[in-house]
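Chain residues, written in single-letter form:
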Amino acid sequence: MNTLLARRTRVLAATTATAGLLLVAGCSSSDGGSGKTTVKGVHLVKAGQLTTCTHLPYPPFQSEIDGKVQGFDVSLIDLVAKNLGVKQQIVDTPFENFKTGAFLNSGQCDLAAAGMTITAERKKNVDFSDPYFDATQAVLVDKKSGINSLADVKAKGKKLGAQAQTTGEDYAKSKGYDPISFESSDAVLNGLRTGQVQAVVIDYPVVQGWLKDKANADAFKVVDNLNTGEQYGFTVKKGNAELRAAINKALADAKADGTYKKLYEQWIGPYTASASASTSPSAS
């Protein structure tokens, strides 16, 4: 297992339609000069902004494009920020902290948006929004490897990779594999390119994004789709019902007015009714 690389927290400007918006007069209140603000009943850790923790890069959900953080997650949280009358600010943080809710508990961020699968274990530490995306895992291999299934990896003595601290890694381990861990999705792909591994298990939407590049499509192929029943959710600090409700409202409105479909097609691909995550509330 590769040791996770130390990663400095970075604050990045999100590309957002709310970048020029100010707090709405009469709808916000200051918390005793601490810089914290309550906007429309939602407490924000920093005045004038909705602070989002993420882990870069994770296209098509969030990645730096032309110097700005963009993606499906970013666009959806922009809708929440717009409803609150503030702008979104993104902080790049290590993914392993998302399971514990450390950055939410410390007041560094209001919410986390990182293509994060809703699991019972994670619900012990954070509250999830309603599901916003149905995800499956894919097995991507080097075309020259001779691998035609996940089982082939073990049968042919090949090396398997996965992103550390993800459900893809958990799935591989549950099937008896000892995957090489990579810090980010880009590092996973680079592991394939450089021959550190001959196959990887990672979220299928990420693979879809990679294979849009002709060089990647020429070198790699998907040999297995693993329907693990995963759904993504955004997370807030335990007990933050007001922000959770604001996120859920933005998601429901986007699905009702066609905005979700538009953003899905922009960032993910062709949209069908089944592409939208079920709207059943996630238990906190």
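Residues numbered from 1 in each chain as written. Predicted model: local features only at pLDDT ≥ 70, side-chain atom pairs only at ≥ 80, totals over all residues. Heavy atoms only, no water.

### Remarks on unusual backbone geometry
Part 1 of the reasoning: Residues Leu56 and Pro57 are joined by a peptide bond in cis, for which omega reads -10°.
Part 2 of the reasoning: For Pro57, the position within the fold is in the loop between strand E5 (49–54) and strand E6 (63–65).
Part 3 of the reasoning: With omega at 5°, the peptide bond leading from Pro59 into Pro60 counts as cis.
Part 4 of the reasoning: Looking at the secondary structure, you find Pro60 in the loop between E5 and E6. (Helix = DSSP H or I, 4+ residues; strand = E, 2+ residues; numbered from the N terminus.)

### Describing the state of the cysteines
Cysteine pairs can be covalently joined through their sulfur atoms, and such a bond is termed a disulfide.
Part 1 of the reasoning: Per the counting criterion, the structure on display carries 1 disulfide.
Part 2 of the reasoning: With a sulfur-sulfur separation of 2.1 Å, Cys53 is cross-linked through a disulfide to Cys109. Judged by the torsion about the S-S bond (70°), the Cys53/Cys109 disulfide is right-handed. Separated by 56 residues along the polypeptide, Cys53 in strand E5 and Cys109 in the loop between helix H2 (102–105) and strand E9 (111–112) bring together distant segments of the chain.
Part 3 of the reasoning: We classify Cys109 as buried; its relative accessible area is 2%. (Disulfide = S-S within 2.5 Å. Buried < 20%, exposed > 50% of the residue type's maximum accessible area, 1.4 Å probe, protein only.)

### Description of the sheet that holds strand E15 (residues 220–232)
Part 1 of the reasoning: Spatially, the 5 strands line up as an open sheet ordered E13-E12-E14-E11-E15, and their pairing is mixed. Since the sheet does not close on itself, it has two edges, and those belong to strand E13 (180–182) and E15, each with one partner. Across the sheet, the mean angle from the axis of one strand to that of its neighbour is 25°, orientation sign disregarded.
Part 2 of the reasoning: Pairing between strand E11 (residues 133–142) and E15: 9 bridges, direction antiparallel. Across the sheet, residue Ala138 finds its bridge partner in E15, namely Asn225.
Part 3 of the reasoning: Relative to the sheet, helix H5 (residues 167–174) contacts E11, strand E12 (160–163), E13, strand E14 (199–203) and E15, its axis offset from that of E12 by approximately 145°. (Pairing = 2+ DSSP bridges. Axes fitted to C-alpha atoms, helices over the stretch in contact; angles between N-to-C directions. Contact = heavy atoms within 4.5 Å.)

### Let's talk about the packing of aromatic side chains
Part 1 of the reasoning: For the structure shown, the criterion picks out 16 aromatic pairs.
Part 2 of the reasoning: Ring geometry for Tyr58 versus Phe61: centroids 5.9 Å apart, planes at 25°, classification stacked.
Part 3 of the reasoning: The buried category is assigned to Tyr58, whose relative accessible area is 6%.
Part 4 of the reasoning: Residue classification places Phe61 among the buried residues on the basis of a relative accessible area of 0%.
Part 5 of the reasoning: With a centroid separation of 5.3 Å and 15° between ring planes, the pair formed by Phe95 and Phe98 is classed as stacked.
Part 6 of the reasoning: A relative accessible area of 4% means that Phe98 is categorised as buried.
Part 7 of the reasoning: The ring of Tyr177 carries Lys154 above its face, with NZ or CZ at 4.4 Å from the centroid.
Part 8 of the reasoning: It is Lys255 that lies over the ring of Tyr260; its NZ or CZ is 5.3 Å from the centre. (Phe/Tyr/Trp six-rings, centres within 6.5 Å; stacked < 30°, edge-to-face > 60°. Lys NZ or Arg CZ within 6 Å of the ring centre and 35° of its normal.)

### Thoughts on the pattern of salt bridges
Part 1 of the reasoning: The full count for this structure, using the stated rule, is 6 salt bridges.
Part 2 of the reasoning: The partner of Asp218 in a salt bridge is Lys214, and the shortest N-O contact between them spans 2.8 Å. Here Asp218 pairs with Lys214, and both are found in helix H8 (residues 214–219), just 4 residues apart, close to one helical turn. (Salt bridge = Lys/Arg side-chain N within 4 Å of Asp/Glu carboxyl O.)

### Brief notes about the nonpolar core
Part 1 of the reasoning: Counting 46 residues, the largest nonpolar core has Leu50, Phe72 and Phe133 as its most contacted members.
Part 2 of the reasoning: Excluding residues within four positions of it along the chain, Leu50 makes contact with Leu44, Ile77, Val80, Ala81, Leu84, Val86, Lys87, Gln88, Gln89, Asp110, Leu111 and Leu243.
Part 3 of the reasoning: Core analysis: the second largest hydrophobic core is formed by 13 residues, Cys53, Phe103, Met116 and Phe128 among them. (Core = buried A, V, L, I, M, F, W, Y, C linked by side-chain atoms within 4.5 Å.)

### Comments concerning the pairing of strand E8 (residues 87–92)
Where a strand is regular, its side chains alternate between the two sheet faces.
Part 1 of the reasoning: Taking burial as the measure, the 6 residues of E8 include 5 buried ones, the bulk of the element.
Part 2 of the reasoning: Relative to E8, E5 runs parallel, the two being bridged by 6 bridges. Its bridge partner lying in E8, Thr51 is registered against Gln89.

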